[in-house]
Protein chains: 2
Amino acid sequence: MARKRSLDEGPVLRERIMGQASALFQERGYAATSIRDIAEAAGISSSTMYHYFQNKQEVLYAIITKFMADFLAATVPVLQDRTRPPTARIREIVRVHLEMSDDRRPELLIGNPIRYALSPDQRREGIHLQKAYHDAVRDVIAEGCATGEFQVDDAGMATMAVLDMLNGVREWFRRSGPLSRDEVVHHYTTFVCKILRA
Amino acid sequence: MARKRSLDEGPVLRERIMGQASALFQERGYAATSIRDIAEAAGISSSTMYHYFQNKQEVLYAIITKFMADFLAATVPVLQDRTRPPTARIREIVRVHLEMSDDRRPELLIGNPIRYALSPDQRREGIHLQKAYHDAVRDVIAEGCATGEFQVDDAGMATMAVLDMLNGVREWFRRSGPLSRDEVVHHYTTFVCKILRA
């Protein structure tokens, strides 16, 4: 069952371990998953596992930072594209935010007490990455206020409201539910535009 | 230190235990708090403690249902008061929701993995209470759409967006922060009205 893999698979194997780990964390919870369970699910020996990750916390941290790096790569260039009006950028961000949160659901470790599981340094880095996204959204909102497309009294507060609203979706949206993902994206795009518009 | 108390204090002592428990759960986390820690903080013996609660899970469940019962008592009559226009009711609900979430912060067990700690039956009851609030909000939104004060395509979806936005506040709002609670209430009232209005 635990098929051994050679070390030269490198980054591919690393991602494979992370994928199996996030699936297990979501299924069983972080606390109930051992580093051995992860190695077994990835089809590698414990010693190969330790070549990539010293402990479970490192795997968790790698999953979170990988997701956030990919999320920033998908969103920040859109947010900072000054060739497009703020409204167009915000509309696209609502879609990307909701679709990526749904596509990569296991990596978001929904409902898991991840904050407690990370070290203080790791937590700080996680917050730093979230803040980069928050700030880029806030900057577009402020830009839209300057052009007159948007009108909010406090761009920072509007950013919190919009992001909390978008982050809430992953807690209740199910693909098997009554509304398609596109319908949800459509409704939330309208809500966000209503909050921001003049 | 652990001053004994007589059993005839009844409900007062029960609430005292719940208050100490929610403070400990928030400080140390649910998993790291023992029933003995709770008894000690409440100044009672373990045997008195067991007279009120069989185990830690029962204390947690009592805290959650007490909060939700009080929350429903403070919100549902406002939401169902058909003598006032839907906009006035929604505005008041934003304030009550935000103030009560802040006043009773320890009982909300922010960041604690409470879902996993409850039994399936207890979780169902918790969801049932949340749904009662959700449904009352949705009904006012639908009523406002019927009167023409509001205009949203899907009252259920607008309810999720509004409640996720309001629930997000307790995660970042600090009384020591740059904005007063009244300012936050003011901004969020505006956001909610913008989402809903025609």
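These numbers come from a predicted model, not from an experiment.

Student: Help me understand helix α4 (residues 56-79) of chain A in this model?
Tutor: Helical geometry note: an α-helix holds 3.6 residues per turn, so side chains three or four residues apart project in the same direction. All names here are of chain A. Relative to the 34 Å expected for 24 residues at 1.5 Å per residue, α4 spans 34 Å between its end C-alpha atoms, a close match to the ideal helical length. In α4, a bend of some 25 degrees at Leu72 exceeds every other bend along the element. In this structure Asn55 caps α4, since a side-chain oxygen of it lies 3.2 Å from the backbone nitrogen of Gln57.

Student: Whenever I open this one, the domain arrangement of chain A confuses me. Can you help?
Tutor: Often, the extent of an interface is quoted as the loss of accessible area on bringing the components together. Residue and element names in this part refer to chain A. When the domains of chain A are assigned, the result is domain 1 (7-52) and domain 2 (56-196). For domain 1 and domain 2, the distance between their C-alpha centroids amounts to 27 Å. Taken together, the 17 residues of domain 1 in the interface contact 14 residues of domain 2. Buried area between domain 1 and domain 2, both sides added, is near 1,200 Å², and the carbon and sulfur share of it is 68%. The interface formed by domain 1 and domain 2 contains one salt bridge. Linking Lys66 and Glu15 is a salt bridge whose minimum nitrogen-to-oxygen distance equals 3.7 Å.

Student: For this particular structure, what's the right way to read the nonpolar core?
Tutor: A general tendency of soluble globular proteins is for nonpolar side chains to be buried together. Tyr188 of chain A together with Tyr188 of chain B are the most contacted members of the largest nonpolar core, which totals 79 residues. Not counting the four nearest positions on each side in its chain, Tyr188 of chain A is found in contact with Val94, Leu98, Met165, Leu166, Val169 and Trp172 of chain A together with Met157, Met160, Ala161 and Asp164 of chain B.

Student: Would you mind going over the interface of chain A and chain B with me for this structure?
Tutor: Taken together, the contacts link 30 residues of chain A with 30 residues of chain B. Carbon and sulfur atoms supply 63% of the area that chain A and chain B bury against each other, a total of about 2,400 Å² over both sides. Taken together, chain A and chain B are joined by zero salt bridges. At the boundary of chain A with chain B, the tally comes to 10 residue pairs in polar contact (both at pLDDT 80 or more). For the side of chain A that touches chain B, the secondary-structure elements that each account for two or more residues are α7 (114-117), α9 (155-172) and α10 (181-196) of chain A. Of all the elements, α9 of chain A adds the most residues to the side of chain A that touches chain B, at 10 residues.

Student: Which parts of the structure should I look at to understand the relation of the copies chain A and chain B?
Tutor: The pair of chain copies shares a relation made of a rotation about an axis and a shift along it. Each copy of the sequence occupies a distinct position, and chain A is placed on chain B by a rotation of 180 degrees and an axial shift of 0.0 Å, giving an RMSD of 0.0 Å. Here the copies are linked by what is in effect a two-fold axis. Among all residues of chain A, the minimum C-alpha distance to the rotation axis is found for Met165 of chain A, at 2.4 Å. When the interface residues of chain A are mapped onto chain B, 100% of them again lie at the interface, so the same face is used by both copies.

About the criteria used
Position labels on residues start from 1 in each chain and follow its written sequence. Going through the entries in the order they are written, you letter the chains from A and number the ligands from 1. Confidence filtering applies because this is a predicted model: local features only for residues at pLDDT of at least 70, side-chain atom pairs given and counted only at 80 or more, and all residues used for totals across whole chains, interfaces and linings. Processing note: side-chain calculations cover all non-hydrogen atoms of the structure and skip hydrogens and water entirely. In this description a helix means any DSSP run of H or I spanning at least four residues, a strand means any run of E spanning at least two, and both kinds are numbered starting from the N terminus. To estimate how far a helix should reach, multiply one less than its number of residues by 1.5 Å. Two axes enter the definition of the bend at a residue: one is fitted to the seven residues ending there, the other to the seven starting there, and the bend is the angle between them. Polar contacts, as counted here, are pairs of nitrogen or oxygen atoms within 3.5 Å of one another; within protein the pair requires one atom able to donate a hydrogen and one able to accept it, and residues that are adjacent in sequence qualify only if both atoms are side-chain atoms. The split into domains, and so the bounds of each, comes from an automatic or database assignment of domains. Residues are treated as being in contact if the distance between any of their heavy atoms lies within 4.5 Å. Note on definitions: buried area is the accessible-area loss of two parts on being combined, 1.4 Å probe, summed for both. Put simply, a salt bridge is a Lys or Arg side-chain nitrogen that is within 4 Å of an Asp or Glu carboxyl oxygen. Buried Ala, Val, Leu, Ile, Met, Phe, Trp, Tyr and Cys residues form a nonpolar core when they are joined through side-chain atoms within 4.5 Å. Relative accessibility thresholds used throughout: buried, under 20% of the residue-type maximum; exposed, over 50%; partly exposed, between the two (1.4 Å probe, protein chains only). For the least-squares superposition of copies, only C-alpha atoms count, and only for residues with pLDDT at least 70 in both.

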